[in-house]
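Per-entry structural report
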2 protein chains.
Amino acid sequence: MKDAEQNIPDMMAEIGARARAAAAQLAFAPSSAKELALNAAADAVWAKRAEIIAANEKDMEFGRNKGLTDAMMDRLMLDEARIQGIVDGLRAVAGQDDPVGAVMSEWDRPTGLHIKRVRTPLGVIGVIYESRPNVTADAGALCLKAGNAVILRGGSESFHSSGAIHDCLQEGLRAAGLPEDAILRVPTRDRAAVAEMLRMTDHIDVIVPRGGKGLVGLVQREARVPVFAHLEGIVHVYVDKAADAQKAMDVVMNAKLRRTGICGAAECLLIHRDVADTLGTAVISALVDAGVRVHADETLSKIPGTLAATDEDWGKEYLDMDIAARIVDDVDGAIDHIRTYSSSHTECILTEDDATAERFFERVDSAILMRNASTQFADGGEFGMGAEIGIATGKMHARGPVGAEQLTSFKYIVEGDGTIRA
Amino acid sequence: MKDAEQNIPDMMAEIGARARAAAAQLAFAPSSAKELALNAAADAVWAKRAEIIAANEKDMEFGRNKGLTDAMMDRLMLDEARIQGIVDGLRAVAGQDDPVGAVMSEWDRPTGLHIKRVRTPLGVIGVIYESRPNVTADAGALCLKAGNAVILRGGSESFHSSGAIHDCLQEGLRAAGLPEDAILRVPTRDRAAVAEMLRMTDHIDVIVPRGGKGLVGLVQREARVPVFAHLEGIVHVYVDKAADAQKAMDVVMNAKLRRTGICGAAECLLIHRDVADTLGTAVISALVDAGVRVHADETLSKIPGTLAATDEDWGKEYLDMDIAARIVDDVDGAIDHIRTYSSSHTECILTEDDATAERFFERVDSAILMRNASTQFADGGEFGMGAEIGIATGKMHARGPVGAEQLTSFKYIVEGDGTIRA
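Described in the following lines is the structure provided in the data block. Note that the structure is a prediction, hence the values are computed from the model and not measured.

Residue and element names in this part refer to chain A. Among the residues making up helix α9 (residues 213–222), those that are buried are Leu215, Val216 and Val219. Along the long axis of α9, the arc covered by the buried residues comes to 95 degrees, so they all point the same way. Exposed residues on α9 whose side chains face more than 90 degrees from its buried face are Lys213, Gly214 and Arg221.

All names here are of chain B. Two numbers describe how helix α12 (residues 331–341) lies on helix α13 (residues 354–363): the axes approach to 10 Å, and their chain directions differ by 20 degrees. As the angle between them shows, α12 and α13 are arranged roughly parallel. Between α12 and α13 lies a crossing whose hand is right-handed. Contacts from Val331, Asp332, Ile335, Ile338 and Arg339 of α12 reach α13 at Thr356, Arg359, Phe360 and Arg363. Looking at the contact of α12 with α13 residue by residue, the class counts come to four nonpolar, one polar and four charged.

A separate point is the sheet that holds strand β16 (residues 408–419) of chain B. Taken in spatial order, the ten strands of this open sheet run β10(A)-β9(A)-β11(A)-β8(A)-β7(A)-β12(A)-β13(A)-β16(B)-β2(B)-β1(B), and their pairing is mixed. Each edge of the open sheet is held by one strand with a lone partner, namely β10 (307–308) of chain A together with β1 (103–108) of chain B. Bridge analysis of strand β13 (residues 368–373) of chain A against β16 of chain B gives five bridges, and the strand direction is parallel. Bridge pairing in β16 of chain B links methionine 370 of chain A to valine 414 of chain B. Sitting on the sheet, helix α11 (residues 276–289) of chain A is in contact with β7 (235–239), β8 (266–272), β9 (293–296) and β11 (322–328) of chain A, with an inclination near 160 degrees to β8 of chain A. Taken strand by strand, helix α13 (residues 354–363) of chain A contacts β7, β12 (346–350) and β13 of chain A together with β16 of chain B, and its axis lies near 160 degrees from that of β13 of chain A.

For the coordinates displayed, the defined rule picks out 48 salt bridges over all chains. The residue arginine 293 of chain B makes a salt bridge to aspartate 320 of chain B at a minimum N-O spacing of 3.9 Å. One end of the pair, arginine 293 of chain B, is in strand β9 (residues 293–296); the other, aspartate 320 of chain B, is in the loop between β10 (307–308) and β11 (322–328), with 27 residues separating them in the sequence. Classification of arginine 293 of chain B by relative accessible area gives partly exposed; the value is 37%. Salt bridges sharing partners connect three or more residues here, namely Glu14, Arg18 and Asp181 of chain A.

Another point: the state of the cysteines. All names here are of chain A. For the structure on display, the rule yields zero disulfides over all chains. This cysteine, cysteine 168, is not joined by any disulfide, and cysteine 143 carries the nearest cysteine sulfur, 18 Å off. Cysteine 168 sits in the buried class, given a relative accessible area of 0%.

Moving on, we get to the interface of chain B and chain A. Counting residues at the interface gives 71 residues for chain B, matched by 71 residues for chain A. Summing both sides of the interface, chain B and chain A together bury roughly 6,000 Å²; the carbon and sulfur share of this comes to 52%. The three residues of chain B that bury the most area against chain A are Met396, Tyr412 and Arg421 of chain B, which together make up 14% of that side's buried surface. Residue lysine 247 of chain B is joined to aspartate 417 of chain A by a salt bridge in which the shortest nitrogen-to-oxygen separation is 2.5 Å.

Here we take up the relation of the copies chain B and chain A. Between chain B and chain A, which share one sequence, the superposing operator has a rotation angle of 180 degrees and an axial displacement of 0.0 Å; the RMSD is 0.0 Å. Between the two chains, the operation in question is that of a two-fold axis. Relative to the rotation axis, the C-alpha of histidine 397 of chain B is the closest in chain B, positioned 2.0 Å from it. Both copies share a contact surface, since 100% of the interface residues of chain B are interface residues in chain A too.

As a further point, take the packing of helix α2 (residues 31–47) of chain A against helix α7 (residues 159–175) of chain A. Residue and element names in this part refer to chain A. Remark: α2 packs on α7, axes separated minimally by 7 Å, with the N-to-C direction vectors making an angle of 135 degrees. With respect to their mutual orientation, α2 and α7 come out oblique. Between α2 and α7 lies a crossing of right-handed hand. Here Leu36, Ala37, Ala40, Ala41, Ala44 and Val45 of α2 lie close against α7, whose contacting residues are Cys168, Leu169, Glu171, Gly172, Leu173 and Ala175. In terms of residue class, the contact of α2 with α7 is made up of ten nonpolar, one polar and one charged.

So, on to the pairing of strand β8 (residues 266–272) of chain B. Residues and elements named next belong to chain B. Burial within β8 is extensive, with seven of its seven residues counted as buried. Where β8 lies against β11, five bridges are found, and the strand directions are parallel. Directly across from leucine 269, in β11, lies its bridge partner alanine 325.

About the cut-offs
- Residues numbered from 1 in each chain as written.
- Chains lettered and ligands numbered in written order.
- Predicted model: local features only at pLDDT ≥ 70, side-chain atom pairs only at ≥ 80, totals over all residues.
- Heavy atoms only, no water.
- Buried < 20%, exposed > 50% of the residue type's maximum accessible area, 1.4 Å probe, protein only.
- Helix = DSSP H or I, 4+ residues; strand = E, 2+ residues; numbered from the N terminus.
- Arc of directions from axis to C-beta.
- Axes fitted to C-alpha atoms, helices over the stretch in contact; angles between N-to-C directions.
- Parallel < 35°, antiparallel > 145°, perpendicular 65-115°, else oblique.
- Left-handed = near helix turned anticlockwise from the far one by under 90°.
- Contact = heavy atoms within 4.5 Å.
- Nonpolar A, V, L, I, M, F, W, Y, C, P; charged D, E, K, R; others polar.
- Pairing = 2+ DSSP bridges.
- Salt bridge = Lys/Arg side-chain N within 4 Å of Asp/Glu carboxyl O.
- Disulfide = S-S within 2.5 Å.
- Buried area = accessible area lost by both parts, 1.4 Å probe.
- Least-squares fit on C-alpha atoms with pLDDT ≥ 70 in both.

Below you can see the structure in the form of structure tokens.
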């Protein structure tokens, strides 16, 4: 929907310039001010929960009229418990270490120079997301923590909820004496604003897309600004012939069933030919018994309760009570399958054999590789990084869980004493 | 010039696919094989120096016919001494540590997981460069060291020299049992190949442009593949009121005069108002005496021998016996000037005052910031990083000197013991 009379490129250029100016200030904002701003924002969100819920009501009505699915309506919905979650999230980021200014390494040179590599903010981050309104707070907080200005562009469904939360973030910034423009929000539902953001190379340093295939694909096709790619999680679990039966059973069930809707949920099971009749069958039967639709290859689909897989089942992200299953000849067969179908998010090997695990780790090039552990651990919090803005599946700059530290760059500080080069 | 009948997109797609396949192999190539390949390539370059010089003769003739400037002809020219330099460069990279597989950090989690962050190759790197044929060897070697496949696209002037050097690199790869396609070269002068490389997002992970403004600008405008930006070096030296006179004199003279044609050479002198008549005048007079054309602002141009600056002198990369000079009110004035005109490469402050230096370091966001040291140290070798492919001025992924380590990515290796998420 187009807001009448609005010149999107001009509006976005102005937002970009304001963000750039705020970023220059934020780059040297004290840690204490950033912490204060986030705690004050948390206070404001809690104090204004009634307004936020009222704003969310408008979005829910919009969503109902638009015919959103139940799952989408659920993602959109805010109640007091979810607002408490937003408040907790803001306080958690407030309490995290400030990455900016940290000395990553330092060394002396024979010339007498002392060199330090120091973390700096990236600059201006554009976050484009879909219906979950809490991303407004999460992304705004993480970007601020890392000293970046951020331009938030939420989905049109969460327009009012995001606006109400954004007001609280700016209240926090004001309370801390930080520029309000540190956290900006695109104040229109017009999709032309997204296209504009993707081209604003002068004003945005990196785009973080948070959303489904459609959004990520659009961003990857159209963006001229660098992108922290967040593809889907087509997560593979390989049960090697040297797998421990109990560990394999525990890990597969957890990787698939703990939560089916997250990007770290297992979507494809690869089973070594030698254990297909034994452990493989036991694991698949347990999945069937738990209510999972197992889309199995020709051999495995003889196991009662399974479905016959089609070509579309390989490389599919179900995010539901479904899993694909296939026999492979050995670890190299698993590696080949993963290299062909994976989205480079997270893969797991179940084996007691160190050499096999080593081969898997060396030859599979996904952001996160696991051994004998549930893929549901693919999460910044579980990694000990604090909050995350997502899991990057690209290889440039950020990879895996993207927390505050991954939202930084660095510079070199070189100190001499009148030192000249020969 | 268009090679007749050649379908560039098809040719480049084939090259890209071959590079991608080689990269998958290289990712787990042993360090010893990479070292062997580079030493064997060095042997081959020396053994075939006569052929390389003969190939270079053809390029020189082409260059003369094209009317290249003396400076460009000099960059193009290869003789036995320069070939020795190429050989030494290859051996130096061969002897460097292999960054791939290095554990960047590791930690335990309360869940029992052990997490490692491990360096991996980036994948396929596209290097687009201009007339210097030695870049063929330097860039090929560094990319290989970091386990990457590389697609080299040299300038049309160095077409035959680059080809002859490239043959030696592939000879080295064969000697080490590594895929020949690890180092590929675009075998046409057709410029359409460059445009194609910039769009090959499936086959190239990052583009490194090495060359002048024209090339870098083209790459930044057209590239859909991520780029390690290498802008010009518009290097500023700020002489603070608290500068030590002798250090300031030594550093300014070295920063401007040691070599004027490198990207770390000083191009603009900023002088604190309080020392304009004393130290500032002394430094500028010394530059004038050394034969430097000083393009000075209204006040400083009263110093004998200086020229009046025009607006074009601010933010200009002379790469010659020229420097701009301007008075600023204080360190904040210097910071403002730098933020406006700098290319974010290297800047220097001359001061004995720690708080002033701190403010400069905090508020100037260039890749390299120096204090009381010559900007001519802006170099990977001087930083102790070994060879470099250039100095990145962007903030994404690589920044400052780009050596083998900056040509890597990383992944997470997570080990459990049947560990599941609650």
